[in-house]
Amino acid sequence: IRETQAERVVLETVSNLLTVGTQRWDILVRCLREDLGFEVEYGVLDSYDFGLPQRRRRVYLAARRDGGSVRHITEHTPFAPKSIGDILEAETFPV
């Protein structure tokens, strides 16, 4: 990130990192904020909430330093289908 001078960053990893790898995660977030000047938001999302027929909890981090704000990463419209038919008949899908 430092070498490429990226203005925006998106990271995705296992949700277990927030409990087992807490110290490493804290160092990463602190480095992005304090050393590199990013606004950082992160949260846990589950693929099931977006219409996938499985549970897969992942941590997503969004960061930017181009003056724009980072929308809270966990703000989303849950979509919990009861069957494949629900998915096929849905008029809209969350983004």
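Above this note sits the structure.
Bear in mind that the values here come from a model prediction, so they are computed numbers and not experimental data.

Chemist: Help me get a handle on the overall build of the protein, residues and values and all.
Modeler: Counting secondary structure elements, the protein contains two helices and three strands. Across the protein, helices and strands are ordered from the amino to the carboxyl terminus as β-α-β-β-α. The buried share of the protein, reckoned over its 95 residues, is 26%. Across the protein, the fraction of contacts at a sequence separation of at least 24, relative to all contacts at a separation of at least 6, is 59%. When the accessible surface of the protein is totalled, it reaches about 6900 Å², and 50% of it is carbon and sulfur.

Chemist: Hey, could you go over the sheet that holds strand 2 (residues 39-46) for me, with residue numbers and the actual values?
Modeler: The pairing of strands in a sheet comes from backbone hydrogen bonds and takes either a parallel or an antiparallel form. Spatially, 1-3-2 is the arrangement adopted by the three strands of the open sheet, whose pairing is antiparallel. Every other strand in the sheet has two partners, leaving strand 1 (8-14) and strand 2 as the edge strands with one partner each. Sheet twist, expressed as the mean angle between neighbouring strand axes with direction ignored, is 15 degrees. Two strands pair when backbone bridges link them, and strand 1 and strand 3 (residues 57-64) are joined in this way by seven bridges, in the antiparallel orientation. Within the sheet, the bridge partner assigned to Val10 lies in strand 3 and is Ala62. Helix 1 (residues 22-35) contacts strand 1, strand 2 and strand 3 of the sheet and is inclined by roughly 145 degrees relative to strand 2.

Chemist: I'd like to hear about the pairing of strand 3, residue by residue, with values.
Modeler: Taking burial as the measure, the eight residues of strand 3 include six buried ones, the bulk of the element. In this sheet, strand 3 lies alongside strand 2 in antiparallel orientation, the contact comprising eight bridges. Pairing of Glu39 across the sheet is with Arg64, part of strand 3.

Chemist: Explain the pattern of salt bridges to me, using residue names and the numbers behind them.
Modeler: Scanning the model with the defined rule gives four salt bridges in all. As a salt-bridge pair, Glu12 and Arg58 come within 2.3 Å of each other at their nearest N and O atoms. A residue pair is termed long-range when its members are at least 10 positions apart, and Glu12 in strand 1 and Arg58 in strand 3 qualify at 46 residues. Among the residues examined, Arg58 registers a relative accessible area of 15% and is labelled buried. Of the charged contacts in the structure, one is a salt bridge between Arg64 and Asp66, with a shortest N-O distance of 2.8 Å.

What counts as what
Residues numbered from 1 in each chain as written. Predicted model: local features only at pLDDT ≥ 70, side-chain atom pairs only at ≥ 80, totals over all residues. Heavy atoms only, no water. Helix = DSSP H or I, 4+ residues; strand = E, 2+ residues; numbered from the N terminus. Buried < 20%, exposed > 50% of the residue type's maximum accessible area, 1.4 Å probe, protein only. Contact = heavy atoms within 4.5 Å. Areas by Shrake-Rupley, 256 points an atom, 1.4 Å probe, with all protein chains shown as cover. Pairing = 2+ DSSP bridges. Axes fitted to C-alpha atoms, helices over the stretch in contact; angles between N-to-C directions. Salt bridge = Lys/Arg side-chain N within 4 Å of Asp/Glu carboxyl O.

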